[in-house]
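Observations on the model geometry
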Amino acid sequence: MGENNAAEILRKAGMKKTAGRVALLKLLLESEKPLSQQEISRMLKGVELNYVSIYRSLEAFCRAGITHRIETGDRTWRFAVCSCGGRGHCHPHFICNSCGAAECLRGMEIPELPAVNREYVVEATEFYLKGLCARCSSEV
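Structure report, in brief. Treat the numbers as computed from the prediction; the structure is a model and nothing was measured. Residue positions are given per chain, counted from 1 along the sequence in the order it is written. Side-chain atom pairs in this predicted model are given and counted only at pLDDT of 80 or more, local residue features only at pLDDT of at least 70, and totals for whole chains, interfaces and linings cover all residues. Computation of side-chain values: all heavy atoms of the structure, hydrogens and water removed.

Focus: the state of the cysteines
When the sulfur atoms of two cysteines come within 2.5 Å, that pair is taken as a disulfide. Within this structure, the stated rule accounts for zero disulfides. In this structure Cys62 is not part of a disulfide, and its nearest cysteine sulfur, from Cys82, lies 9.0 Å away. A relative accessible area of 15% places Cys62 in the buried class. Burial here depends on accessible area, computed with a 1.4 Å probe over protein chains only, as a share of the maximum for the residue type. Under 20% is buried, over 50% is exposed, and the range in between is partly exposed.

Quick look at the packing of aromatic side chains
Side-chain rings of Phe, Tyr and Trp (the six-membered ring for Trp) are treated as a pair once their centres are within 6.5 Å; stacked means planes under 30 degrees apart, edge-to-face means over 60, and tilted covers the remaining angles. In the structure shown here, the tally under the stated rule is zero aromatic pairs. Our definition puts a charge over a ring when NZ of Lys or CZ of Arg is within 6 Å of the ring centre and also within 35 degrees of the ring normal. The ring of Trp77 carries Arg69 above its face, with NZ or CZ at 4.2 Å from the centroid.

Some details on the sheet that holds strand β4 (residues 93–96)
Taken together, the three strands give an open sheet; going across it, the order is β5-β4-β6, and neighbouring strands pair in mixed fashion. Edge strands, defined here as strands with exactly one partner in the open sheet, are β5 (102–104) and β6 (128–131). Within this sheet the neighbouring strands show an average axis-to-axis angle of 20°, counted without direction. In terms of strand pairing, β4 meets β5 through three bridges, oriented antiparallel. Residue pairing in the sheet places Phe94 in a bridge with Glu103 of β5. Two strands are said to pair when DSSP picks up at least two bridges between them. Runs of H or I in DSSP of at least four residues are treated as helices and runs of E of at least two as strands, each being numbered from the N terminus. Helix axes are fitted to C-alpha atoms over the stretch in contact, other axes to C-alpha atoms as well, and angles between N-to-C directions run from 0 to 180 degrees.

A closer look at a nonpolar patch on the surface
There is a patch of nonpolar side chains on the surface, built from Met108, Phe127 and Leu129 and spanning about 220 Å² of accessible area. For Leu129, the location among the structural elements is in strand β6. Under the relative-accessibility criterion, Leu129 is labelled partly exposed at 31%. To count toward a patch, a residue needs a relative accessible area above 30% and no salt bridge. Like charges then connect within 9 Å, nonpolar side chains (Val, Leu, Ile, Met, Phe, Trp, Tyr) within 5 Å. Computed by Shrake-Rupley with a 1.4 Å probe, the accessible areas treat only the displayed protein chains as cover when residues are assessed. When a carboxyl oxygen of Asp or Glu lies within 4 Å of a side-chain nitrogen of Lys or Arg, that pair is called a salt bridge.

A short note on the pairing of β4
Here β4 folds back onto β5 in antiparallel fashion, the turn holding five residues, of which Gly100 has a positive phi close to 85°. When β4 meets β6, the two strands line up parallel, connected through four bridges. Residue pairing in the sheet places Ile95 in a bridge with Lys130 of β6.

Some thoughts on the packing of helix α2 (residues 19–30) against helix α4 (residues 51–64)
Between α2 and α4, the shortest axis-to-axis distance is 11 Å and the interhelical angle comes to 65°. When the axes of α2 and α4 are compared, the pair comes out roughly perpendicular. For the pair α2 and α4, the sense of crossing is right-handed. On the side of α2, the interface is formed by Arg21, Leu24, Leu25 and Leu28, while α4 contributes Ile54, Ser57, Leu58, Ala60 and Phe61. Residues are grouped as follows: nonpolar covers Ala, Val, Leu, Ile, Met, Phe, Trp, Tyr, Cys and Pro; charged covers Asp, Glu, Lys and Arg; every other residue, Gly included, is treated as polar. Grouping the amino acids of the contact of α2 with α4 by side-chain chemistry returns seven nonpolar, one polar and one charged. Angles below 35 degrees are treated as roughly parallel, those above 145 as roughly antiparallel, those between 65 and 115 as roughly perpendicular, and all remaining angles as oblique. Two helices cross in a left-handed way if the nearer one is turned anticlockwise from the farther one by less than a right angle. They cross in a right-handed way if the turn is clockwise. Residue contacts are defined here by distance: any two heavy atoms, one from each residue, within 4.5 Å place the two residues in contact.

Function-wise, these values are silent; they only describe arrangement.
The following block contains the structure:
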């Protein structure tokens, strides 16, 4: 999934294609796990994007349904490409209670939930599985 794919995703979302956005989206497409803004800043190479520009781009990606963000309990958002193209989570996430690693569980779906009170307007559904990752569970 290269630069052309990132540019095409931006085009389909009606977003301006800049070198920074393409590089940022390409990094997220190639990542095997959700990344924090700090990790993204460290990993972005060959493009001039400051911390604020990365934040604004990530927020724009979320609003456009390109990415989703995951809160892992450590007050740090992690971002991943949204494989379903929607504005919510289409799959659950695993979060390690020990090291904080997060993973999109793309092979699973969020279970159908019964109707809630008619006065509520549900805007997002998040489903987290928490425990120990393979590395942390082998250290126990």
